[in-house]
Amino acid sequence: MKECKIDECHRDTIDELCIRHTAALTSLEQMFDAWKIAYGEKYSKTKYMEALLKDDNGVGIWVQEIIKFKLQED
Ligand SMILES: [Zn+2]
């Protein structure tokens, strides 16, 4: 067993991310698809994630933790 890659999270997992954060990542991707339709293809994912960190729009803590992780990764 490994630990989830999210710093704040210490759940055991067989993948890089625990079940909760995997689900959060999936919903982040889905929301980004919807966002692109609304704002256009040129809207970058980084901009999108930064906007969600400032104003979470009710996305929730799991998604915010994923965003912080992704922004560090880039
Ligand atoms: Zn996790």
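Placed above this text is the structure.
We now turn to the structure provided with this report.

Each value, and the rule that gives it
- Residues numbered from 1 in each chain as written.
- Predicted model: local features only at pLDDT ≥ 70, side-chain atom pairs only at ≥ 80, totals over all residues.
- Helix = DSSP H or I, 4+ residues; strand = E, 2+ residues; numbered from the N terminus.
- Expected span 1.5 Å × (residues − 1).
- Buried ≥ 20, exposed ≤ 12 C-beta atoms within 10 Å, placed from the backbone.
- Arc of directions from axis to C-beta.
- Core = buried A, V, L, I, M, F, W, Y, C linked by C-beta atoms within 7 Å.
- Contact = placed C-beta atoms within 7 Å.

This part takes up the overall build of the chain. For the chain, the helix and strand inventory stands at three helices and two strands. Moving toward the C terminus, one meets the helices and strands of the chain in the order β-β-α-α-α. With respect to the three principal axes, the spread of C-alpha positions in the chain is 40 × 25 × 20 Å.

For helix H1 (residues 19-39), built from 21 residues, the straight-helix expectation of 30 Å at 1.5 Å per residue is met to within 8% by its first-to-last C-alpha distance of 30 Å. The complete set of buried residues in H1 reads His21, Ala24 and Leu28. The arc enclosing the buried residues of H1, seen along the axis, measures out at 45 degrees, which places them on a common side. H1 presents Ile19, Thr26, Glu29, Gln30, Asp33, Ala34 and Ile37 as exposed residues on the side facing more than 90 degrees away from its buried surface. Gly40 occupies a position one or two residues after H1 and carries a positive phi of about 100 degrees.

This part takes up the nonpolar core. Counting 10 residues, the largest nonpolar core consists of Cys4, Ile6, Leu17, Cys18, Ala24, Leu28, Val63, Ile66, Ile67 and Phe69. Listing elements by their share of this core, those giving two or more residues are H1 and helix H3 (61-73). Of the residues forming this core, the biggest block, four residues, is contributed by H3. Dropping the residues within four chain positions of it, Ile6 is found in contact with Leu17, His21, Glu65 and Phe69.

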